[in-house]
Amino acid sequence: MAIEETFDAKESMTEGHSLTREPRINETAESTERFKVRIENVNGWYGSKRAIKDVNLNVREKTVTAFIGPSGCGKTTLLRCLNRMHEMTPGAHADGRVVVDGIDIYGKSIDPVVIRRRIGMVFQKPNPFPTMSIFDNVAAGLRLNGMRNKTIIREIVEESLKNAALWEEVKNELEKPGMSLSGGQQQRLCIARALAMQPEVLLMDEPTSSLDPIGSSKIEELVRTLKDSVTIIIVTHNMQQAARVSDFTAFMYLGDLIEYGSTNQIFMKPEKELTERYISGKFG
Amino acid sequence: MTSNSKNHRNISSLFVMRKKRGDRLFYGLVIGAAGYTLLMVALVAFSVTRGSIDIFSAEGIGFVFQSNWNAVEGRESFGAFPYIIGTLLSSAIAMAIGVPISLAIAIFISEIAPPRIGTPLSFITELLAAVPSIIYGLWALFVFRFWVRDLIEKPLYDVFHGSIPFFAKTPFGLDIFTAGIVLAIMIIPIISSICREVMRVVPDSQREAAYSLGATRWETVRMAVFPYVKSGLVGAAMLGLGRAVGETILVTMVIGNVIGPGAIPTSIFSQGQTLASLVANEFNEASSDLHLSALIALGAILLVLTMGINIVARLLVKKKIKVSSGAKSQ
Ligand SMILES: Nc1ncnc2c1ncn2[C@@H]1O[C@H](COP(=O)(O)OP(=O)(O)OP(=O)(O)O)[C@@H](O)[C@H]1O
Ligand SMILES: [Mg+2]
């Protein structure tokens, strides 16, 4: 597609960088599977406070992986380490390796700006740009990255809105401000905005927490559809939601990754007692 | 049960009393305060208009476009034109220099510097904003004007005076250009403090939205911060412009204080006079009622000028951010 050519020009991520070290963590019988994101010994800091501790986790391509755990356990922090958003918080930094498609995004020659173009993010509260129309919101990322071809922009905007299951509702009012939509529609607009960048990985931080049940179920449905083309990592407070949408689940507690496995296994027969107690609602 | 309902009655009557007293006092106060602003505007407008009646009946609307200024009894003739130009030109120079620098400072403090640098820096800017203009004036008169003359005006004059009439005036360091720069120095702390304050209103979620699309810091400022607070930034600039247009003592000290047709600037290195500085210079020695009326009329023009600038700025902002008007309904 033409858009890729435009991006390539700006992109230095895949050039001149080869994977020098073979992964050694979590590589067991599953090592033949394709891992899209490998999280290796990642620590996330706020000043001197270590909010996530030595997390190791492999995310499979085109699956939905859920991060669950009680409030404050570090789900958001871990998610934000995956597109280097974490370090934008004043005083925050991360160490360890996050390998996406064989490239350590914390590598020396890596520009975080380029990483964020490739790894989309949807936030807890819908945050469309208030001065932009619906159309411009979706086109924002494309224009930012130098796309000038109006036909292509229009095509991608339409496609992204369709993929975000919003097209039918807004196709006749694309010039209206993005903020004129309902909360759930705004969140889907933000998803469309992220999808327009054609990310291979989409990070979602409690995308339904500010929505009503109907809005939430629309987003959940969307997540299940999107995983055909995108690798999705979703943070959620809602265990039913994790069970409904995800293939794999990671349970975190006080900054530690306690248990990680297929969603079925985590919910049916968790290995750790802590996980079992959390799943069964004994704390959290 | 009985005691309960009794309690209930007592409490509710308390509420009623409180509401009556508290609310009335509160409403009275705020309506009074709002009324005060209206009253002041009316009073100022009234006094200034009444004071300028004499000169306008003597000179007609020509007062605004003439450039004579003669206070000698029997040969009195007054015109405000040179000082209007002087005011506009010195303020324009101040804005041209001050606004970009102020914005840059605000962006640096609010968007780029880590808190450990940004916090003390914004404190210092606020301190500077509180420095009385006479301090800037003294410094400009005794120190800064020589820098301007030797480092900027002379080189520019030497190079360009033949080709660009804009610079064609032997520089003294006491002129419209110096006044403009010192005005810029005066308004930079004010504008940048307000801009910084305004930019703080932008929620981090907006910045993160831009970052998540692969925006650099500067692109984030352009994409998420500026559009969000455009009207506030224009407001900040207008406040600075208001200060520059009306600034009196500082300008009086450095602008050269020329009177009459010679006060019409032929270049930015011309000595000049602003509306405010002329009023300050002559108010004490107003020789006749007509002279006094002319000075008050300068004030009237200044008032109209600032109001006009404000209205135009407001219209500009409204036009540009039409899309976001629907945004408030969220
Ligand atoms: N900006 C910050 N500055 C300092 N500490 C922070 C900051 N953000 C989070 N923390 C701390 O880091 C830890 C992990 O926070 P995080 O937001 O990742 O938790 P979470 O699992 O997403 O919680 P929730 O479910 O409530 O969203 C918490 O102890 C929190 O207090
Ligand atoms: Mg969180």
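Residues numbered from 1 in each chain as written. Chains lettered and ligands numbered in written order. Predicted model: local features only at pLDDT ≥ 70, side-chain atom pairs only at ≥ 80, totals over all residues.

Before going further, it helps to spend a moment on the overall build of chain A. Helix and strand counts for chain A stand at 11 helices and 10 strands. Among the 284 residues that make up chain A, the fraction classed as buried is 48%. Excluding contacts between residues fewer than 6 apart, the proportion of contacts in chain A whose partners are at least 24 apart in sequence is 70%. (Helix = DSSP H or I, 4+ residues; strand = E, 2+ residues; numbered from the N terminus. Buried ≥ 20, exposed ≤ 12 C-beta atoms within 10 Å, placed from the backbone. Contact = placed C-beta atoms within 7 Å.)

Contacts between the two partners involve 27 residues from chain A, matched on the other side by 24 residues from chain B. Among the secondary structure elements, those contributing two or more residues to the side of chain A that touches chain B are helix 3 (112-118), strand 6 (119-122) and helix 4 (134-144) of chain A. Of the residues forming the side of chain A that touches chain B, the biggest block, four residues, is contributed by helix 3 of chain A.

Turning our attention to the domain arrangement of chain B. All names here are of chain B. Each assigned domain of chain B is listed with its residue range as follows: domain 1 (2-59) and domain 2 (69-329). Domain 1 and domain 2 are separated by 35 Å when their C-alpha centres are compared. Counting residues at the interface gives nine residues for domain 1 and 10 residues for domain 2. (Domains from an automatic or database assignment.)

Let us now look at the environment of Ile-311 of chain B. Mapped onto the elements, Ile-311 of chain B comes out in helix 11 (residues 289-320). Spatially, the C-alpha atoms of Ile-311 of chain B and Ile-134 of chain B are 29 Å apart, while their sequence positions differ by 177 residues.

Looking now at the pairing of strand 9 (residues 248-253) of chain A. Residue and element names in this part refer to chain A. When you tally the buried positions in strand 9, you get six out of six residues, the bulk of the element. Neither face of strand 9 is open: one carries Phe-248, Ala-250 and Met-252, the other Thr-249, Phe-251 and Tyr-253, and all of them are buried. Strand direction decides the pairing type here: strand 9 and strand 10 (residues 256-262), joined by six bridges, are antiparallel. Its bridge partner lying in strand 10, Phe-248 is registered against Ser-262. In sequence, strand 9 turns back onto strand 10 through a hairpin of two residues, with Leu-254 there showing a positive phi of about 50°. (Pairing = 2+ DSSP bridges.)

Turning next to the nonpolar core. Considering soluble globular proteins, one finds that nonpolar side chains tend to be buried as a cluster. Residues and elements named next belong to chain B. Counting residues in hydrophobic clusters, the biggest one holds 154 residues, and the most contacted among them are Val-182, Leu-275 and Leu-298. With 17 residues, helix 6 (residues 176-200) is the single largest residue contributor to this core. Sequence-distant contacts of Leu-275, defined by excluding residues within four places in its chain, comprise Ala-80, Tyr-83, Ile-84, Thr-87, Leu-298, Ile-301 and Leu-302. (Core = buried A, V, L, I, M, F, W, Y, C linked by C-beta atoms within 7 Å.)

With that settled, the discussion passes to the site of ligand 1. Residues and elements named next belong to chain A. Tyr-46, Ala-51, Ser-71, Thr-76 and Thr-77 are the nearest of the 13 residues found near ligand 1. Secondary structure elements with two or more residues in the shell around ligand 1: strand 2 (49-60) and helix 2 (75-81). Residue contributions to the shell around ligand 1 peak at three residues, all from helix 2. Considering only residue class, the shell around ligand 1 consists of three nonpolar, eight polar and two charged. (Near = placed C-beta within 6 Å. Nonpolar A, V, L, I, M, F, W, Y, C, P; charged D, E, K, R; others polar.)

Our next topic: unusual backbone geometry. Residue and element names in this part refer to chain A. Located in the positive-phi region is Asp-54, a residue other than glycine, with phi close to 45°. Looking at the secondary structure, you find Asp-54 in strand 2. Note on Asp-54: 14 C-beta atoms within 10 Å, which makes it partly exposed. With phi around 60°, Arg-84 is a residue other than glycine that occupies positive phi space. Along the polypeptide, Arg-84 turns up in the loop between helix 2 and strand 4 (92-100). For Arg-84, a count of 21 C-beta atoms within 10 Å gives the class buried.

Attention now moves to the packing of helix 3 (residues 81-112) of chain B against helix 8 (residues 217-246) of chain B. Residue and element names in this part refer to chain B. For the pair helix 3 and helix 8, interaxial distance at closest approach is 9 Å and the crossing angle is 140°. In terms of crossing hand, the pair formed by helix 3 and helix 8 is right-handed. Between helix 3 and helix 8, the residues in contact are Thr-87, Ser-91, Ala-94, Met-95, Gly-98, Val-99, Ile-107, Glu-111 and Ile-112 and Arg-217, Val-221, Val-225, Ala-237, Gly-240, Leu-241, Ala-244 and Val-245, respectively. (Axes fitted to C-alpha atoms, helices over the stretch in contact; angles between N-to-C directions. Left-handed = near helix turned anticlockwise from the far one by under 90°.)

Turning our attention to the sheet that holds strand 10 of chain A. Sheet strands line up and pair through hydrogen bonds in the backbone, either parallel or antiparallel. All names here are of chain A. Spatially, 6-7-8-3-9-10 is the arrangement adopted by the six strands of the open sheet, whose pairing is mixed. At either end of the open sheet lies a strand with only one pairing partner, and these are strand 6 and strand 10. Ignoring which end each strand starts from, the neighbouring axes of this sheet average 15° apart. Sheet analysis places strand 3 (residues 64-68) next to strand 8 (residues 231-235), joined by four bridges and oriented parallel. Within strand 8, the position partnered with Ala-66 by the bridge is Ile-234. Relative to strand 6, helix 7 (residues 183-195) is tilted by about 170°, and along the sheet it contacts strand 6 and strand 7 (201-205).

All names here are of chain A. Reading across from one edge, 2-1-4-5 is the order of the four strands in this open sheet, with antiparallel pairing throughout. Bordering the open sheet on either side are strand 2 and strand 5 (103-104), each of which pairs with just one other strand. In this structure, strand 1 (residues 35-46) lies alongside strand 2, joined through eight bridges in antiparallel fashion. Among the inter-strand pairings, Tyr-46 is bridged to a residue of strand 2, identified as Lys-49.

Before going further, it helps to spend a moment on helix 8 (residues 213-226) of chain A. All names here are of chain A. Helix length check: helix 8, at 14 residues, gives a terminal C-alpha distance of 20 Å against a target of 20 Å (1.5 Å per residue), a fit within 8%. Along helix 8, the positions that sit buried rather than exposed are Gly-215, Ile-219, Glu-220, Leu-222, Val-223 and Leu-226. Projection of helix 8 onto a plane perpendicular to its axis shows the buried side chains occupying an angular sector of 160°, all on one side. Set apart from the buried face of helix 8 by more than 90 degrees, the exposed residues are Pro-213 and Ile-214. (Expected span 1.5 Å × (residues − 1). Arc of directions from axis to C-beta.)

Another point: helix 5 (residues 150-163) of chain A. Residue and element names in this part refer to chain A. In this model helix 5 runs 20 Å from its N-terminal to its C-terminal C-alpha over 14 residues, within 8% of the 20 Å that 1.5 Å per residue would give. Within helix 5, the full set of buried residues consists of Ile-156, Val-157, Ser-160 and Leu-161. Down the axis of helix 5, the sector holding all buried residues measures 130°, keeping them to one side. Taken from the residues just after helix 5, Ala-165 is the one with a positive phi, measuring 60°.

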